[in-house]
Amino acid sequence: MGILEENRRLEELDKKYIWHPFTQMKEWLEDKPIIIAEGRDCFIKDIYGKWYLDGVSSLWVNIHGHRKKEIDDAIKEQLDTIAHSTLLGLSNIPAIKLAEKLVQIIQKSFPLPPHPPLTKIFYSDNGSTAVEVALKMAFQFWRHKEVDGKNTFVSLNNAYHGDTIGAVSVGGIDIFHKAFGPLLFKTYKAPSPYCYRCELGEEYPGCKLACLKKMEKILKTRSNKIAALIIEPLIQAAGGMITSPREYLKGVRELCTRYNILMIADEVATGFGRTGKMFACEHEDAMPDIMCLSKGITGGYMPLAATISTDEIYNAFLGEFKDLKTFFHGHSYTGNPLACAAALACLNLFEKEEVIKTLKGKIEILEAWLKNVLILQHVGDVRNVGMMAGVELVKDKKTKKPYDWEEKMGWRVAYQARDNGVFIRPLGNVIVIMPPLNISKQNLNQLLKVIRDSIVKVTEG
Ligand code: PMP
């Protein structure tokens, strides 16, 4: 079979057999799919040999680039011993070594007292499960402490914590979550710290963080019902790269402490350098009680997640077998040795290549570009934390009137960029920029140039 014939066959088979996530399949079936055959550095190549800059890190997971030798080698080496064994009733070497490494890294990130350190690693295999674990852990913690009634959670409007039912229950994006309303457990919703479209009609900094005050009201009056508050620190990513104002996160931490509510930081998107520090919570010294990690943990190689708790939470689950204090949760691939070996190699690379230090110059390039893009006719707002950025397109800049979502403006820009060798995936009217952290300055400039040209062409052309 010739190569063209084989490519067409793959396209047909894809359409025949694959149901793609977050995708209207009717549209997919009418389109020509891009099928990726290879990756290298911060590029991905389709089956026809066309290379694209991976502008969203293969859905926010890739850190050190594709086919990074050290991670490739670590997986191959692990394959020569064992690919998988269970963590239910057994342990394995990479899972142990990775747990130690994660605890050390987190302790380095939060050196200041009086934080109770995060010391216990509970593995799972994706961001949603990391969140499910955190919610169940927080809920059960209070049971074991014999504190009654703390049966619900506080989450934020515009929050996204994953797609399993628990994670959706603490989500706050109507377009994704509303359909499942009848299935969800009740949570209290705090305002989203979305300054460009403040839901309280206030303006920063004159508002003096009115959204935080509103949150405090919920916590103060309902603290006896709330097990935990869950938050995406500094940036509500899937909600539209919504960055919170300075001191907001610190304020959330203080409120949780004041009202005896556990703080869960969902660092699934922000963890591992994306924000310019290892963890987003570091920026405001807001150490959570439970931290959820996934995505970048393996450098974008293997599915792996970790939910990390304090000793106090862990200790509450200790007891006699008959006490039934066991944390009854676990997945078949929990602590998978191949994934843990990849993660260890990924974390070692952070040290070896001093990744965090290398980001400063790139963040400056990104921020200068964002400033420059803000002057465009249909750009309403630009936002970033470190290497996570969003450009919000608007129909009318003066009134902030958004494009109707059916217009798919974000997608039109993304398709335009795709034609010019850049792969990005928007969130509604927000263009997302989140390349692998190892991207060279030259490639970053190229990525940004194509995106700017695409915005101009689609919105002004
Ligand atoms: N939490 C956050 C903050 C996320 O951004 C995501 C995914 N975008 C998730 C959880 C869910 O992760 P996963 O897709 O691996 O289930």
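Look up: the structure comes first, before these words.
Residues numbered from 1 in each chain as written. Predicted model: local features only at pLDDT ≥ 70, side-chain atom pairs only at ≥ 80, totals over all residues. Heavy atoms only, no water.

Visitor: I'm lost on the sheet that holds strand β11 (residues 290-293) in this one. Help?
Guide: Adjacent strands of a sheet pair through backbone hydrogen bonds, lying either parallel or antiparallel. Taking strand neighbours across the sheet as the criterion, the seven strands line up as β4-β12-β11-β10-β7-β5-β6 in an open arrangement whose pairing is mixed. Since the sheet does not close on itself, it has two edges, and those belong to β4 (118-124) and β6 (188-190), each with one partner. Here the strands of the sheet are splayed against their neighbours by 20° on average, with no regard to which way each runs. One ladder, built from three bridges, connects strand β5 (residues 152-156) with β6; its direction is parallel. Looking across to β6, one finds that L156 is bridged to A190. Relative to the sheet, helix α5 (residues 93-109) contacts β4, β11 and β12 (305-310), its axis offset from that of β4 by approximately 135°. (Pairing = 2+ DSSP bridges. Helix = DSSP H or I, 4+ residues; strand = E, 2+ residues; numbered from the N terminus. Axes fitted to C-alpha atoms, helices over the stretch in contact; angles between N-to-C directions. Contact = heavy atoms within 4.5 Å.)

Visitor: I'm lost on the nonpolar core in this one. Help?
Guide: Across soluble globular proteins, nonpolar side chains show a tendency to be buried alongside one another. In terms of nonpolar packing, the biggest core is built from 113 residues, with M215, F272 and V391 touching the most fellow members. Ignoring anything within four residues of it in the chain, the contact list for F272 reads I63, L102, M278, F279, L293, S294, G296, I297, L347, F350 and L437. Membership of the second largest hydrophobic core comes to 26 residues, among which are M137, W142, F153 and A316. (Core = buried A, V, L, I, M, F, W, Y, C linked by side-chain atoms within 4.5 Å. Buried < 20%, exposed > 50% of the residue type's maximum accessible area, 1.4 Å probe, protein only.)

Visitor: I tried to follow the side chain of D72 on my own but got confused; where do I start?
Guide: Within the fold, D72 resides in helix α4 (residues 69-79). Buried D72, no salt bridge; nearest opposite-charge side chain is R67, N-O distance 4.7 Å. Ignoring any residue separated from it by four or fewer positions in sequence, one finds D72 in contact with R67 and Y301. (Lys, Arg positive; Asp, Glu negative; His and termini not counted. Salt bridge = Lys/Arg side-chain N within 4 Å of Asp/Glu carboxyl O.)

Visitor: Would you take a moment to explain the side chain of D14 for this structure?
Guide: Within the secondary structure, D14 sits in helix α1 (residues 3-17). No salt bridge is formed by the buried D14; the nearest opposite charge belongs to K15, separated by 7.1 Å. In this structure the side chain of D14 is engaged in a polar contact, spanning 2.8 Å, whose partner is the side chain of W28. Those residues within four positions of D14 in sequence are excluded, and the remaining contacts are H20 and W28. (Polar contact = N/O pair within 3.5 Å; in protein donor to acceptor, adjacent residues only side chain to side chain.)

Visitor: What am I meant to see in the site of the ligand here?
Guide: Around the ligand lies a shell formed by W60, N126, G127, S128, Y160, H161, G162, E232, D266, V268, A269 and K295. For the ligand, an oxygen atom lies 2.8 Å from a polar atom in the backbone of G127. Contacts to the ligand include K295, whose side-chain N or O atom sits 3.1 Å from a nitrogen atom. Expressed as a share of its isolated accessible area of 390 Å², the protein-covered part of the ligand is 84%. A breakdown of the residues in the shell around the ligand according to their chemical character gives four nonpolar, five polar and three charged. (Near = heavy atom within 4 Å. Areas by Shrake-Rupley, 256 points an atom, 1.4 Å probe, with all protein chains shown as cover. Nonpolar A, V, L, I, M, F, W, Y, C, P; charged D, E, K, R; others polar.)

Visitor: I would appreciate a short explanation of the pairing of strand β3 (residues 51-54) in the present structure.
Guide: Looking along a regular strand, one sees side chains alternate from face to face of the sheet. Pairing geometry for strand β2 (residues 43-46) and β3, over three bridges, is antiparallel. Within β3, the residue paired with K45 across the bridge is W51. Here β2 folds back onto β3 in antiparallel fashion, the turn holding four residues, of which G49 has a positive phi close to 95°. Pairing analysis gives two bridges linking β3 to strand β16 (residues 422-423), with the strands arranged parallel. Note that in β16 the partner of D54 across the bridge is F423.

Visitor: I would appreciate a short explanation of the packing of aromatic side chains in the present structure.
Guide: The geometry of an aromatic ring pair comes down to the distance between the two centres and the angle between the two planes. The full count for this structure, using the stated rule, is eight aromatic pairs. Note on F153 and F185: the rings are 6.0 Å apart at their centroids and 45° apart in plane angle, and the pair reads as tilted. With F153 in strand β5 and F185 in the loop between α8 (174-177) and β6, this residue pair connects regions lying 32 residues apart in the sequence. Overall, the relative accessible area of 4% leaves F153 in the buried class. Its relative accessible area of 35% is what places F185 among the partly exposed residues. For the cation-ring pair, K120 lies above Y314, with the distance from its terminal atom to the ring centre recorded as 4.7 Å. (Phe/Tyr/Trp six-rings, centres within 6.5 Å; stacked < 30°, edge-to-face > 60°. Lys NZ or Arg CZ within 6 Å of the ring centre and 35° of its normal.)

Visitor: Quick question: what am I supposed to make of empty space enclosed by the protein here?
Guide: The probe, sized like a water molecule, is rolled over the atoms to show the empty space still left. The tally for this structure, following the rule as stated, stands at two cavities of 30 Å³ or more. Estimates place the volume of the largest cavity at around 90 Å³. Tallied by class, residues from the lining of the largest cavity come to ten nonpolar, one polar and two charged. Considered as a void within the structure, the second largest cavity measures approximately 40 Å³ in volume. As for the second largest cavity, its lining consists of L156, P193, I231, E232, P233, L234, I235, Q236, I242, T243, S244 and Y248. If you list the elements that add at least two residues to the lining of the second largest cavity, you get β8 (235-236) and β9 (242-243). (1 Å grid on protein atoms, 1.4 Å probe; cavity = no way out; pocket = protein on both sides within 12 Å on 5 of 7 lines; lining within 4 Å. Points joined across faces, edges and corners; volume = space filled by probe spheres on them.)

Visitor: Just checking my understanding: could you explain the packing of helix α14 (residues 409-419) against helix α15 (residues 441-460) for this structure?
Guide: Pairs of packed helices are described in terms of their axes, by the angle between the two and the distance that separates them. Axis separation between α14 and α15 bottoms out at 8 Å; the angle between their running directions is 125°. On the basis of the axis angle, α14 is oblique to α15. Judged by the twist between their axes, the crossing of α14 over α15 is right-handed. Here M409, R412, V413, Q416 and A417 of α14 come into contact with α15, specifically with V450, S454, I455, K457, V458 and T459. Here the contact of α14 with α15 is built from residues that sort into six nonpolar, three polar and two charged. (Parallel < 35°, antiparallel > 145°, perpendicular 65-115°, else oblique. Left-handed = near helix turned anticlockwise from the far one by under 90°.)

Visitor: When you look at the environment of A417 in this model, what are you seeing that I'm missing?
Guide: Here A417 is to be found in helix α14. Considered as a pair, A417 and V450 are 33 residues apart in the sequence and their alpha carbons are 6.1 Å apart. Setting aside its immediate chain neighbours within four residues, A417 contacts V422, I424, V450 and S454.

Worth remembering: the numbers are spatial, not functional.
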